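Report on the structure
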Amino acid sequence: MGGRTRHLPSAAKGEKVKRTVMLCSFIPLLSMLASAAAARGEERPEVLHVGTVAPHIIGITVQAGRIEHGEQVPFERQPGDEINDDAKDRSVKRNGKLLGWLLGREGNILFTE
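Remember, it's a predicted structure, so these values are computed and weren't measured experimentally.

1. Some points on the pairing of strand S6 (residues 97-103)
Here strand S5 (residues 91-94) runs beside S6; their pairing, made up of four bridges, is antiparallel. Across the sheet, Arg94 pairs through a bridge with Lys97, a residue of S6. Between S5 and S6, which pair antiparallel one after the other, the connecting turn spans two residues, and Asn95 there sits at a positive phi close to 55 degrees. In this structure, S6 lies alongside strand S7 (residues 109-112), joined through four bridges in antiparallel fashion. By the bridge assignment, Trp101 is partnered in S7 with Phe111. Between the antiparallel neighbours S6 and S7 lie five residues, among them Gly104 with a positive phi of about 80 degrees.

Thresholds applied
- Residues numbered from 1 in each chain as written.
- Predicted model: local features only at pLDDT ≥ 70, side-chain atom pairs only at ≥ 80, totals over all residues.
- Heavy atoms only, no water.
- Pairing = 2+ DSSP bridges.
- Helix = DSSP H or I, 4+ residues; strand = E, 2+ residues; numbered from the N terminus.

Structural data, given as structure tokens:
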């Protein structure tokens, strides 16, 4: 990237070109992230803010995805529930799908996925 600006006579001009090149290099990356997210059925990444951080640095804030936290709910065992009683992982499957993990000594609290 630096080789593209060395031939310019003015440093001020060169700095502007460097920033433009860096931003242009970042755009294909955002495009790849957006395509990958769309292929998985997720929301596309969103550019929240673009601004200069220092004379030679551009800051770009991107939000890609979100975190969904599980819940702790009372667990009521149902016929057909599969409980893995391993000491490290007390997972619960219902109808073949992971439902969550048992918590507490009695295992009466379920941490959902």
